[in-house]
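Here is how the chains run, residue by residue.
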Amino acid sequence: MTQKILVLPGDGIGPEITAQASRILAACQARGLDVEVEEALVGGAAYDAHGEPLPAETLQKAKEARAILLGAVGGPKWDTLEDLSKRPEKGLLGLRKNLGLFGNLRPAILYPQLASASSLKPEVVSGLDIMIVRELTGGIYFGQPRGIEERDGERVGYNTYVYSESEIERIGRVAFEMASKRSKKLCSVDKANVLEVTILWREVMERLAPEYPDVDLSHMYVDNAAMQLVRAPKQFDVMVTGNMFGDILSDAAAMLTGSIGMLPSASLNESGQGMYEPCHGSAPDIAGQNIANPLATILSVAMMLRYSLDAPALAARIEAAVGEVLDDGLRTADITADGVMTVSTAAMGDAVLAAFERQ
Ligand code: IPM
Ligand code: MG
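Residues numbered from 1 in each chain as written. Chains lettered and ligands numbered in written order. Predicted model: local features only at pLDDT ≥ 70, side-chain atom pairs only at ≥ 80, totals over all residues. Heavy atoms only, no water.

## Structural notes on the overall build of the protein
Let me state the cut-off plainly: Strands are runs of DSSP state E lasting at least two residues, helices are runs of H or I lasting at least four, and both sets are numbered from the N terminus onward. Think of it in three bands: with a 1.4 Å probe and only protein chains considered, a residue is buried below 20% of the maximum accessible area for its type, exposed above 50%, and partly exposed in between. Contact criterion: two residues are considered in contact whenever any of their non-hydrogen atoms come within 4.5 Å of each other. Positive residues here are Lys and Arg, negative ones are Asp and Glu, while His and the chain termini are left out of the count. Working definition for charges: the position is that of NZ of Lys, CZ of Arg, CG of Asp or CD of Glu.
Each helix and strand in the protein was counted, giving 13 helices and twelve strands. Buried positions account for 54% of the 359 residues belonging to the protein. For the protein, the share of sequence-separated contacts (at least 6 apart) that also reach a separation of at least 24 residues comes to 75%. Distance between charge centres in the protein, computed from 33 positive and 48 negative side chains, equals 2 Å.

## Side note on the site of ligand 1
As a reminder, the rule being used: We define proximity as follows: a residue is near a molecule or strand when any one of its heavy atoms falls within 4 Å of that partner. N or O atoms within 3.5 Å of each other form a polar contact, as long as, within protein, one can give a hydrogen and the other can take it, and as long as residues adjacent in sequence are counted only when both atoms are side-chain atoms. To be clear on the numbers: accessible area is Shrake-Rupley with a 1.4 Å probe, and residue cover counts the displayed protein chains and nothing else. Boundaries between domains were set according to an automatic or database domain assignment.
As a structural note, the neighbourhood of ligand 1 is formed by Glu89, Leu92, Arg96, Arg106, Arg134, Tyr141 and Asp247. Contact distances for ligand 1 include 2.8 Å between an oxygen atom and a side-chain N or O atom of Arg134. A distance of 2.5 Å is found between an oxygen atom of ligand 1 and a side-chain nitrogen or oxygen belonging to Tyr141. Relative to its unbound accessible surface of 320 Å², ligand 1 loses 77% to contact with the protein. Take the shell around ligand 1: its biggest share by element is three residues, from helix H5 (residues 88–98). Residues lining the shell around ligand 1 come from more than one domain, with at least three contributed by each of domain 1 (1–102 + 269–359) and domain 2 (108–260).

## So, the nonpolar core
Rules: Here, nonpolar core refers to any group of buried Ala, Val, Leu, Ile, Met, Phe, Trp, Tyr and Cys residues whose side-chain atoms link them within 4.5 Å.
Grouped together as the largest cluster of nonpolar side chains are 89 residues, with contacts concentrated most on Met262 and Leu305. Broken down by element, the residue count for this core peaks at eight residues, all from helix H11 (residues 295–307). Shared between two domains, this core takes at least three residues from each, and those domains are domain 1 (1–102 + 269–359) and domain 2 (108–260). Beyond its immediate chain neighbours, meaning those up to four positions away, Met262 contacts Tyr111, Leu114, Asn293, Leu295, Ala296, Leu299, Val322, Leu326 and Ile335. Core analysis: the next-biggest nonpolar cluster, separate from the first, contains 16 residues, Ala40, Leu54, Leu70 and Leu92 among them.

## Overview of the packing of helix H12 (residues 312–327) against helix H13 (residues 345–358)
The condition that has to hold: In this description, a line fitted to the C-alpha atoms serves as the axis of each element, helices being fitted only across the stretch in contact, and the angle between N-to-C directions of two axes falls anywhere from 0 to 180 degrees. Working rule for angles: under 35 degrees goes down as roughly parallel, over 145 as roughly antiparallel, 65 to 115 as roughly perpendicular, anything else as oblique. Crossings are assigned a handedness: left-handed for a near helix turned anticlockwise from the far helix by less than a right angle, right-handed for a clockwise turn.
One can describe the packing of H12 onto H13 by two numbers: an axis separation of 8 Å at closest approach and a directional angle of 125°. It follows that H12 is oblique to H13 by the angle criterion. The two elements H12 and H13 meet at a crossing, and its hand is right-handed. Contacts between H12 and H13 involve Leu314, Arg317, Ile318, Ala321, Val322, Glu324 and Val325 on the former and, on the latter, Met348, Ala351, Val352, Ala355, Phe356, Glu357 and Arg358.

## So, the packing of H11 against H12
It is the contact of H11 with H12, at a shortest axis distance of 7 Å, that shows an interaxial angle of 160°. By the criterion of interaxial angle, the relationship of H11 to H12 is roughly antiparallel. Seen along the crossing, H11 lies across H12 with a hand that is left-handed. Contact with H11, carried on its side by Leu295, Ile298, Leu299, Val301, Ala302, Leu305 and Arg306, involves Pro312, Leu314, Ala315, Ala316, Ile318, Glu319, Val322 and Leu326 of H12 and no other residues of that element.

## As for the side chain of Asp237
Locating Asp237 in the fold gives a position in the loop between helix H9 (222–231) and strand S10 (238–241). A polar atom in the side chain of Asp237 sits 3.1 Å from the side chain of Ser183. Beyond its immediate stretch of four places on either side in the chain, Asp237 contacts Asp129, Ile130, Met131, Arg182, Ser183 and Lys185.

## Remarks on H9
Note the following rule: By arc we mean the arc of the directions from the helix axis to the C-beta atoms, nothing more.
Those residues of H9 lying buried are Val222, Ala225, Gln228 and Leu229. Taken end-on, H9 shows its buried residues confined to a sector of 115°, consistent with a single buried face. Structurally, H9 contributes buried residues whose contacts are with strand S5 (129–135), strand S8 (185–190), strand S9 (216–221), S10 and helix H10 (243–256).

## Observations concerning the domain arrangement of the protein
Often the size quoted for an interface is simply the accessible area lost on bringing the parts together. Condition: Buried area adds together the accessible area that both of two parts lose upon being put together, with accessible area traced by a 1.4 Å probe. Salt bridges, as used here, are contacts in which a Lys or Arg side-chain nitrogen is within 4 Å of a carboxyl oxygen on Asp or Glu.
Domains assigned within the protein are domain 1 (1–102 + 269–359) and domain 2 (108–260). The straight-line distance from the C-alpha centre of domain 1 to that of domain 2 is 23 Å. Roughly 1800 Å² of surface becomes buried between domain 1 and domain 2 when both sides are summed, with 63% attributable to carbon and sulfur atoms. Taken as a group, Arg96, Lys97 and Phe102 account for 34% of the area that domain 1 buries against domain 2, more than any other trio of residues on that side. Linking domain 1 with domain 2 are one salt bridge. Glu270 is paired through a salt bridge with Arg170; the nearest N and O atoms lie 3.8 Å apart.

Right under this line is the structure:
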């Protein structure tokens, strides 16, 4: 059966990097991948065209798709929009929430070729392979009540950090299963010394543990986890945490690998429908210059093939192609030690495509 894929380029460097990833997707189609690819607007681009960051038509197409490939959203042009519900980021959050994409997988893998691009010493990061499992549709990002209002003559801003047992259990199971397929070590990150919601988080993780006797569960406070990530990151294998802590820790983990420009992500719902996107943002400062790194988006296509389209051989082929271009010394500026690039966005896409064809 032909499966639908929706490409949402978004803003900033989004269109440039998804263009390269779409070429790889087309190459997979030529190799027999039975998909139909459509494009739609999201984020600031959708706001400019339709006055909404997530137009109804885009949401409908997203619901009908088996998988979505998203570039990035946001930029200074829209940062001053008073109405928060119109900001580009709301397009992304709306997709996550409406499709129930609660399970966010953010792998941080150091390509040995890039060890010198990391800000940490090579011996600290060599061989690094962490999987951050971030809860994506709950926590403080979505908790009610929220707002900014006048109280006693001044404005007060507030959000609500809330998780139900079932939400914690659902993401906990994703993490335990991931850990049992990997090195069987799971670290749950919380702030149980201060926040009730994460006392419950810890309790639920503990309650699940006996169901996964092969997995060794540990707990860490988020401040310590941030420190340990930059001190001795190889102590971690799978980490599981809530929405906001996961947002922060995954950026830190990404940078350990040399560049956030290398890291893909998957956001999955209960039926395996998924949205795939690079972990980095829209990088408005370098948009339109053909210098952004398309590899995280290309690797997101590989994750899509693996997790939503059941095509692991094509996924492995893409990953091998990326390894090959790195072996050949091709670098966008973000993955060099000195910041001097050897290839443009499009040339990197050309090279991955050529390596893919050679596999
Ligand atoms: C991410 C991003 C988003 C988030 C923003 C763009 C809303 O930082 O995917 O990590 O905070 O989740
Ligand atoms: Mg983030």
